[in-house]
There are 4 protein chains.
Amino acid sequence: MSEQIFPKRLAEGYQSFLQGRFGRERARYQELAEQGQNPDTLLIGCCDSRVPPEVIFDAGPGELFVVRNVANLAPPYKPNDDYHGTSAAIEFAVMGLKVKHIVVMGHAQCGGVRAYTEMEADPYMRPLAPGDFIGRWIRLLAPAAEGLGAPSEPLSDWSERLNHESIKASLANLRSFPYIATLEARGWLSLHGAYFGVATGELLVLNEATGQFHQIAAEAYRDLFADAPRF
Amino acid sequence: MSEQIFPKRLAEGYQSFLQGRFGRERARYQELAEQGQNPDTLLIGCCDSRVPPEVIFDAGPGELFVVRNVANLAPPYKPNDDYHGTSAAIEFAVMGLKVKHIVVMGHAQCGGVRAYTEMEADPYMRPLAPGDFIGRWIRLLAPAAEGLGAPSEPLSDWSERLNHESIKASLANLRSFPYIATLEARGWLSLHGAYFGVATGELLVLNEATGQFHQIAAEAYRDLFADAPRF
Amino acid sequence: MSEQIFPKRLAEGYQSFLQGRFGRERARYQELAEQGQNPDTLLIGCCDSRVPPEVIFDAGPGELFVVRNVANLAPPYKPNDDYHGTSAAIEFAVMGLKVKHIVVMGHAQCGGVRAYTEMEADPYMRPLAPGDFIGRWIRLLAPAAEGLGAPSEPLSDWSERLNHESIKASLANLRSFPYIATLEARGWLSLHGAYFGVATGELLVLNEATGQFHQIAAEAYRDLFADAPRF
Amino acid sequence: MSEQIFPKRLAEGYQSFLQGRFGRERARYQELAEQGQNPDTLLIGCCDSRVPPEVIFDAGPGELFVVRNVANLAPPYKPNDDYHGTSAAIEFAVMGLKVKHIVVMGHAQCGGVRAYTEMEADPYMRPLAPGDFIGRWIRLLAPAAEGLGAPSEPLSDWSERLNHESIKASLANLRSFPYIATLEARGWLSLHGAYFGVATGELLVLNEATGQFHQIAAEAYRDLFADAPRF
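How each quantity is defined
Residues numbered from 1 in each chain as written. Chains lettered and ligands numbered in written order. Predicted model: local features only at pLDDT ≥ 70, side-chain atom pairs only at ≥ 80, totals over all residues. Heavy atoms only, no water. UniProt positions renumbered as here; feature names shortened; annotations may be inferred. Helix = DSSP H or I, 4+ residues; strand = E, 2+ residues; numbered from the N terminus. Rg over C-alpha atoms; globule rule 2.2 N^0.38 Å. Buried < 20%, exposed > 50% of the residue type's maximum accessible area, 1.4 Å probe, protein only. Lys, Arg positive; Asp, Glu negative; His and termini not counted. Charge placed at Lys NZ, Arg CZ, Asp CG, Glu CD. Expected span 1.5 Å × (residues − 1). Contact = heavy atoms within 4.5 Å. Buried area = accessible area lost by both parts, 1.4 Å probe. Salt bridge = Lys/Arg side-chain N within 4 Å of Asp/Glu carboxyl O. Nonpolar A, V, L, I, M, F, W, Y, C, P; charged D, E, K, R; others polar. Domains from an automatic or database assignment. Axes fitted to C-alpha atoms, helices over the stretch in contact; angles between N-to-C directions. Left-handed = near helix turned anticlockwise from the far one by under 90°. Pairing = 2+ DSSP bridges. Parallel < 35°, antiparallel > 145°, perpendicular 65-115°, else oblique.

- In the nomenclature of an unreviewed UniProt entry, chain A is known as Carbonic anhydrase of Rhodoblastus acidophilus.
- Taken from UniProt, the Catalytic activity (unreviewed entry) comment for chain A reads in full: "hydrogencarbonate + H(+) = CO2 + H2O".

1. Let's talk about the overall build of chain A
Here is step 1 of the chain: A count of helices and strands for chain A gives 8 helices and 6 strands.
Here is step 2 of the chain: Tracing chain A from N to C terminus, the helices and strands come up as α-β-α-β-α-β-α-α-α-α-α-β-β-β.
Here is step 3 of the chain: Compactness check: chain A gives a C-alpha radius of gyration of 19 Å against a globular reference of 17 Å for 231 residues, within 12% of the reference.
Here is step 4 of the chain: Projected onto its principal axes, the C-alpha positions of chain A cover 55 × 50 × 50 Å.
Here is step 5 of the chain: Burial status across chain A gives 58% buried among its 231 residues.
Here is step 6 of the chain: Charge separation in chain A, taken as the distance between the mean sites of 21 positive and 28 negative side-chain charges, equals 2 Å.

2. Things to note about helix H1 (residues 8-35) of chain A
Residue and element names in this part refer to chain A.
Here is step 1 of the chain: Taking 1.5 Å of rise per residue, 28 residues should cover 40 Å, yet H1 covers just 33 Å from first to last C-alpha, more than 12% shy of that figure.
Here is step 2 of the chain: Within H1, burial applies to Leu10, Ala11, Gly13, Tyr14, Gln15, Phe17, Leu18, Gly20, Phe22, Tyr29, Leu32 and Ala33.
Here is step 3 of the chain: A positive backbone phi angle near 85 degrees is found at Gly36, which sits one or two residues after H1.

3. Thoughts on the interface of chain C and chain B
Here is step 1 of the chain: Contacts between the two partners involve 5 residues from chain C and, on the opposite side, 8 residues from chain B.
Here is step 2 of the chain: Buried surface at the junction of chain C and chain B, summed over both partners, amounts to about 610 Å²; 63% is from carbon and sulfur atoms.
Here is step 3 of the chain: Broken down residue by residue, the surface that chain C buries against chain B is led by Glu120(C), Pro123(C) and Tyr124(C), which jointly contribute 89%.
Here is step 4 of the chain: Taken together, chain C and chain B are joined by 0 salt bridges.
Here is step 5 of the chain: Each residue belonging to the side of chain C that touches chain B can be placed in one class, and the counts come to 4 nonpolar, no polar and 1 charged.

4. As for the domain arrangement of chain A
Residue and element names in this part refer to chain A.
Here is step 1 of the chain: For chain A, the domain assignment lists domain 1 (1-36) and domain 2 (37-225).
Here is step 2 of the chain: Inter-centroid distance (C-alpha atoms) of domain 1 to domain 2 is 29 Å.
Here is step 3 of the chain: In this complex, domain 1 contributes 7 residues to the contact, which on the side of domain 2 involves 6 residues.
Here is step 4 of the chain: Of the roughly 460 Å² buried between domain 1 and domain 2, counting both surfaces, carbon and sulfur atoms make up 53%.

5. Let's talk about the pattern of salt bridges
Here is step 1 of the chain: Across all of its chains, the model carries 48 salt bridges over all chains by this definition.
Here is step 2 of the chain: One salt bridge in this structure joins Arg68(C) and Glu54(D), with 2.8 Å as the shortest N-O distance. Separated into two different chains, Arg68(C) in strand E2 (residues 64-69) and Glu54(D) in helix H2 (residues 53-56) make up a pair that spans both. The residues Arg68(C) and Glu54(D) share a single accessibility class, namely buried.
Here is step 3 of the chain: Where Arg50(D) meets Asp48(D), a salt bridge forms, and the shortest distance between an N and an O atom there is 2.8 Å. The same class applies to Arg50(D) and to Asp48(D), which are both buried.
Here is step 4 of the chain: Residues joined in a network through salt bridges with shared partners are Arg175(A), Glu184(A) and Glu208(A).

6. So, the packing of helix H3 (residues 85-96) of chain D against helix H8 (residues 178-185) of chain D
All names here are of chain D.
Here is step 1 of the chain: Running from amino to carboxyl end, H3 crosses H8 at an angle of 35 degrees, the nearest separation of the two axes being 11 Å. The hand of the H3/H8 crossing is left-handed. Across the interface between the two elements, Ile90, Glu91, Val94 and Met95 of H3 pack against Tyr179, Ile180 and Leu183 of H8.

7. Examining the interface of chain C and chain D
It is common to report an interface's size as the accessible area lost on association of the parts.
Here is step 1 of the chain: Counting residues at the interface gives 109 residues for chain C and 108 residues for chain D.
Here is step 2 of the chain: Both faces combined, the contact of chain C with chain D buries some 9,600 Å², and carbon together with sulfur accounts for 65% of it.
Here is step 3 of the chain: At the junction of chain C and chain D, the tally comes to 4 salt bridges.
Here is step 4 of the chain: Between Glu63(D) and Arg9(C) there is a salt bridge, with the nearest N and O atoms lying 2.8 Å from each other.
Here is step 5 of the chain: Per element, the largest residue contribution to the side of chain C that touches chain D is 17 residues, and it comes from helix H1 (residues 8-35) of chain C.

8. Observations concerning the pairing of strand E4 (residues 190-196) of chain C
All names here are of chain C.
Here is step 1 of the chain: Among the 7 residues that make up E4, 7 are buried, leaving the element largely enclosed by the rest of the structure.
Here is step 2 of the chain: Judged by which residues are buried, E4 turns out to be covered on both faces: Ser190, His192, Ala194 and Phe196 on one side and Leu191, Gly193 and Tyr195 on the other are all buried.
Here is step 3 of the chain: Taken together, the 7 bridges between strand E3 (residues 101-107) and E4 define a ladder with parallel strand orientation. Considered in E4, the bridge of Val104 is made with Gly193.

9. A few points about unusual backbone geometry
All names here are of chain C.
Here is step 1 of the chain: Between Glu153 and the following residue, Pro154, the backbone shows a cis peptide bond with an omega angle of -5 degrees.
Here is step 2 of the chain: Relative to the assigned elements, Pro154 resides in the loop between helix H6 (142-145) and helix H7 (155-175).
Here is step 3 of the chain: Residues other than glycine seldom take positive phi values, yet Asn72 does so here, at roughly 40 degrees.
Here is step 4 of the chain: Within the secondary structure, Asn72 is located in the loop between E2 and helix H3 (85-96).

10. What about the environment of Ala144(C)?
Here is step 1 of the chain: Looking at where Ala144(C) falls in the secondary structure, it is placed in helix H6.
Here is step 2 of the chain: The sequence separation of Ala144(C) and Arg28(C) amounts to 116 residues, and the corresponding C-alpha distance is 41 Å.

11. Some words on the packing of helix H4 (residues 111-121) of chain C against H7(C)
All names here are of chain C.
Here is step 1 of the chain: Between H4 and H7, the least distance of the axes is 9 Å, while the angle of their chain directions is 120 degrees. The orientation of H4 relative to H7 falls into the category oblique. Once H4 is placed against H7, the crossing between them reads as right-handed. Of the residues in H7, those in contact with Val113, Arg114, Tyr116, Thr117 and Ala121 of H4 are Leu155, Ser156, Trp158, Ser159, Leu162 and Asn163.
Here is step 2 of the chain: In terms of residue class, the contact of H4 with H7 is made up of 6 nonpolar, 4 polar and 1 charged.

Structure (structure tokens):
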């Protein structure tokens, strides 16, 4: 490998950033470099290329501490001798950076949730690769799937239901971290579930009291969707 | 929790996205929702709030499949009974989405690398939390640190050297995934190291032949930095 | 499970055996039960349902000690703390039963050899199951494949060449067992390679001096094939 | 080695097969070669020369996918970096060929079970060979032996009890393969234990509800055994 073959699209995109956004926000970047980051929010999102959190929340530099894994999962609190990147990021954000919010953001048509659905529907489904890291990772969805019964057709509907349940299960897993439970109980930390509809741009947020997902602050942007075909 | 207290800053940012970027790219989002994602690049980046990959590469929806963990680490290939989010994301991107590039992007002033440095310099350093997920996670940096000797003052310099070595070690770890080694040998996949200087906006890319990091396509943006104090 | 649902086809087949062959050879079975087995030959064959060694060699009870695994492989001599069924069977046959011959019998259209071929031709090939026992097992074919270059179309031809080379490699692996090398050197044990053509019924045997496979004792049964369409 | 010294007995047996069974079933072999195998049953049997499954079940070409190892053992599900022939064959049969039945068939006077018994009874027992593959392999019998106490005289009786327990333990091991447990739970796969008495020709099948072995469909062949000395 040599620098010459660094992907052209990325090199061009970087120059666009440098001449555009970085130029405008240079002072902010310099300040963040000197004083360190101090984000308010930990966002747990999906690796999916369609759902970058900074874009969806139009976030500036320093605003969101973001861990992204397949299917935006927060594992349960299970310290052992192995390394666990997501749990490490949660610990770093909550105990190191002292964030005030944790947002678990799912999205429609998630390939990881879909893979779990297909694996459950067809026991002969082949794993992606010999190491089967994906198979073991998405088995974290199993507790969320328990209340749904066996996958039923159309699988895409079952998969979206699982997707919603998975966000609730991740919030429950977060609360299995002792310090998260404590900080939430004291009102120093709050947890949120959100769900982005890729096709429509709709953002749903979870009302944990009812277990339902609702449009966020619908009245505030009702006009926006006046001419949208269906939403 | 109820939807009413969804962080105001995020709700506003989302509306800005909806009225701005989503409005302009609605057709692209709809297409991506219907046809699925097909990104060319897997980017392994840091959770740090100052280094969102889509911003730094001005990437559009569908372009980058992004895993973000503390210190942008790719672990070695070690399948076991435990779940491993980063290895799962690598498997999903390479074997499922068949990406053509993997970019490991580090950045200056990384808190995870710094934490490893301090832990090495001071054996009395306390862990962030009882579970010590961060301690075990950043121990993945140990092989990269081997050639550097014990941490020396100023720690920030030692930390930056480790930061560079860590990117090289992550590339080596990626090549311990059998299919990555095979696909790279066949020319179907290429691996890249990059490093973002938060303060300056500078992007360095790794020349693996020399082991050195260089400014990317320097001539292309020389003018930009004409008035930069030092670079 | 209960005995009632023992597969009907097998229950009927067993009664056919009992009333037929067992009835005729009862004395031989009783003698073998009382005096123990004393086979002359260890045969290493494939699990494939089309190539039962006792049928192909019309063998009676007590004649063939048979280990069957996917792709009729003899692994190299590598004692370690793990269990290895084929090496155990080889040890039992050679050192316990003191067989005089070892026959490695391959066959056309072997699914295990084919799986290796496809895995080599397409690095994106998915494993059969999460544990990937088959992937690791057939990687025992790698040394045999080394001299063949990369898989080329038609894959079925490349696969059959690998199939032949694999039999030679298994003989070499057998000779890596110290006692097999010693016993062969003293003329107390001989090793043989054979290959069964499922479609034609043809049996080829390996001439190790030339590395070629030849029809067995062609002159002896030339008449047999006089009216065979092609052979 | 040269083809001239291929064991005479095998060459003659092959010609008998060719003129007899192959001649009669040539169309079936050709069909199986062209369309591939599609067996209903995976049989895990012993290498012993007295118990060829195709003979005992009078099976035709294409009916039984057969793995044979010393003492007809199914190991527990333990994927690791080593190769495991029996687990590979199980994976190939269940996930590749989608067999409907798995039969573990033991037999009386098994040398492998006997070897374990003697090894337990006499700590001074020597291994068969320096590599001690057999010793490690038959240690797979240890969990089955746990409920039996120390070996007691007559060893042959203790050995037969272990033999029966071993079949049950193999069924339990099979169920430790996640996909086997799932497929059995869905009714797509069934597991069976069987035991062949070499001297008498008797076939016992395991009733897992009672843990007892019973004569298969006894009424169907009662007459056959009317004059058998003891049974």
